[in-house]
Each structure stands twice: as structure tokens, then as C-alpha cells.
Amino acid sequence: DAGITQSPRHKVTETGTPVTLRCHQTENHRYMYWYRQDPGHGLRLIHYSYGVKDTDKGEVSDGYSVSRSKTEDFLLTLESATSSQTSVYFCAIRGLAAANTGELFFGEGSRLTVL
Amino acid sequence: SQELEQSPQSLIVQEGKNLTINCTSSKTLYGLYWYKQKYGEGLIFLMMLQKGGEEKSHEKITAKLDEKKQQSSLHITASQPSHAGIYLCGADGRPKLTFGTGTRLTIIP
């Protein structure tokens, strides 16, 4: 199994509070991603990182920020959580070296409920 | 931006029957990934296709990428309860991967 862990796995919070989800990898992969999964929408990319301090937006980045100060950690922050951000969040890592087939390895997901 | 449409959205199949899931892209596919997700769990990589006409198999699952590289199909032969879950296709837009909305597969006895 790819060495990728997410924390927390479950969280319930109230509207307006800040929330940070953490993704930790032990594979030393350059690329890391945050997706959210909602019924009827599949997986949608929030933000991704292509190196330490290098990040870019995905298709649903509004209301989210990310940081990557170390290769192994990629943080997703909701500055002021809203009910529309209730979702399951998946972190993924990817190796794009020639030896890799390029697939994403996913974490187990973090279920966030905003009341 | 690239969009992927999967069909059908949900599928109920009797155990032992064959089934096909389709993934159609709005743009040329330069790499197509298939994943499976068990309910409430993370995604598991099944296979990746890159070349037009390419076909790959793993156990009873076969995936194809058509010659024009805008559609892929996933075929399961003699379905089993272990095949139940959500199947997602993903288009490679290196470094990003864009996913379809998924197909929920239910296997009934």
C-alpha cells in the first residue's frame, strides 16, 4: 500500500469555524492533490501541489487554501467552513517519473460535516 | 477544461452476468485511468490506457481505449459480489487528473 494517511478521518464542525485537514505521505512523491467527493459530482479537484511551496488551483478551489512546507505534508484549510463544504475529502499522491505509470494513490478519505 | 461523462450512472446486475461501463471525453484522451471505490472507502487503481486501440485485462475486468481516443469502456465478465462498488474513469491532464461522475454497480444474487 502507498504510504499516505489523512487526518482527521472524521470531523464535525460548525459553520464559520476554521478546519484543517492533513495529508501525509512517506513515498517522497512530488505531486499531491486534494479532491472532494459528493453524490452526483464524482471527484472534483480542489488544489494540487507540484513541490514544496508550489501549489495551484483546481476546479473547485473557492473557500479553500492549501500549504505545503515539506514534501511529505499537504494541508487543506477551510478558513470559515460552510454547510456546502460538507463532503468527503480525498488526498492523493502521484509519481510522474519515467518508472511510474502515473496513477494516483489515494488516502482513505476525511469525512467532514459542517452544521 | 476536459469533461468526462460516464454511463450508466448506476447499474444493477445479476451475479454471473456481464456488464459494460462507458466513459466519454469531451477532448482527446492522452491517458485514461480506471479506479474502483468500495462504499465508504478510498479509491483503488485498476488500470491505465494510453494508446488508441489499447486493451488491458485484470482478472475478469477488461478496459479498452477506442482508436479515436475519446472513449473508454470497462467490461466485467461473469460478475461477482466483489465487483460491487463505484467505478470512476479519470483523464490524464498531467499533472492533473479529471474524473467522471462515476458508475455505481450493484450485484444481486
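Let me sum up the structure you'll find in this document.

Thresholds applied
Residues numbered from 1 in each chain as written. Chains lettered and ligands numbered in written order. Predicted model: local features only at pLDDT ≥ 70, side-chain atom pairs only at ≥ 80, totals over all residues. Heavy atoms only, no water. Disulfide = S-S within 2.5 Å. Helix = DSSP H or I, 4+ residues; strand = E, 2+ residues; numbered from the N terminus. Buried < 20%, exposed > 50% of the residue type's maximum accessible area, 1.4 Å probe, protein only. Phe/Tyr/Trp six-rings, centres within 6.5 Å; stacked < 30°, edge-to-face > 60°. Pairing = 2+ DSSP bridges. Core = buried A, V, L, I, M, F, W, Y, C linked by side-chain atoms within 4.5 Å. Contact = heavy atoms within 4.5 Å. Buried area = accessible area lost by both parts, 1.4 Å probe. Salt bridge = Lys/Arg side-chain N within 4 Å of Asp/Glu carboxyl O. Polar contact = N/O pair within 3.5 Å; in protein donor to acceptor, adjacent residues only side chain to side chain. Axes fitted to C-alpha atoms, helices over the stretch in contact; angles between N-to-C directions.

1. Some details on the state of the cysteines
Residues and elements named next belong to chain A. Going through the model one piece at a time under the given rule, you end up with 2 disulfides over all chains. At a sulfur-sulfur separation of 1.9 Å, the disulfide partner of Cys23 is Cys91. Linking Cys23 and Cys91, the disulfide has an S-S dihedral of approximately -75° and is accordingly described as left-handed. Taken together, the positions of Cys23 in strand β3 (residues 19-25) and Cys91 in strand β9 (residues 87-94) put the pair 68 residues apart, joining distant regions of the chain. With a relative accessible area of 0%, Cys23 lands in the buried category. Taking the relative accessible area as the measure of exposure, Cys91 reaches 0% and is therefore buried.

2. Description of the packing of aromatic side chains
One pass over the structure, following the stated rule, counts 12 aromatic pairs over all chains. These aromatic residues form a ring-pair network of at least three members: A:Tyr33, A:Tyr35, A:Tyr48, A:Tyr50, A:Phe90, A:Phe106, B:Tyr33, B:Tyr35, B:Phe45 and B:Phe99.

3. Section: the pairing of strand β5 (residues 43-49) of chain B
Residue and element names in this part refer to chain B. Most of β5 is tucked away: 5 of the 7 residues are buried. Two elements, strand β4 (residues 32-37) and β5, share 6 bridges in a ladder whose sense is antiparallel. Bridge pairing in β5 links Leu32 to Leu49. Adjacent in sequence and paired antiparallel, β4 and β5 are bridged by 5 residues, among which Gly40 carries a positive phi angle near 80°.

4. Looking at the nonpolar core
Membership of the largest hydrophobic core comes to 23 residues, with the highest contact counts inside it found for B:Leu19, B:Ile21, B:Leu32, B:Trp34, B:Leu74, B:Tyr87 and B:Leu105. Going through the elements one at a time, β2 (10-14), β3 (19-25), β4, β5, β7 (61-65), β8 (71-76), β9 (85-93) and β11 (103-108) of chain B are the ones with two or more residues in this core. Of all hydrophobic cores here, the second largest spans 19 residues; its members include A:Leu45, A:Ala92, A:Leu104 and B:Ile86.

5. Things to note about the environment of B:Glu15
Residue and element names in this part refer to chain B. Positionally, Glu15 belongs in the loop between β2 and β3. Using a relative accessible area of 42% as the deciding quantity, one classes Glu15 as partly exposed. In this structure the C-alpha to C-alpha distance between Glu15 and Pro81, which are 66 residues apart in sequence, comes to 6.8 Å. If sequence neighbours within four positions are ignored, Glu15 has contacts with Ser79, Gln80, Pro81, Ile107, Ile108 and Pro109.

6. Structural notes on the interface of chain A and chain B
Each side of the interface is counted separately: chain A has 21 residues, and chain B has 17 residues. At the boundary of chain A with chain B, total buried surface from both sides reaches about 1,600 Å², with 57% on carbon and sulfur atoms. Contact with chain B buries area across many residues of chain A, yet A:Leu43, A:Arg94 and A:Phe106 alone supply 26% of it, more than any other trio. Where chain A meets chain B, there are 1 salt bridge. Linking A:Arg94 and B:Asp92 is a salt bridge whose minimum nitrogen-to-oxygen distance equals 2.9 Å. Applying the counting criterion to the chain A and chain B interface returns 7 residue pairs in polar contact (both at pLDDT 80 or more). Those elements that place two or more of their residues in the side of chain A that touches chain B are β4 (31-38), β5 (42-51), β9 and β10 (104-106) of chain A.

7. Describing the sheet that holds β3(A)
Residues and elements named next belong to chain A. Spatially, β1-β3-β8-β7 is the arrangement adopted by the 4 strands of the open sheet, whose pairing is antiparallel. Among the strands making up the open sheet, the edge pair consists of β1 (4-7) and β7 (64-70). In this sheet, adjacent strand axes meet at a mean angle of 20° when their direction is disregarded.

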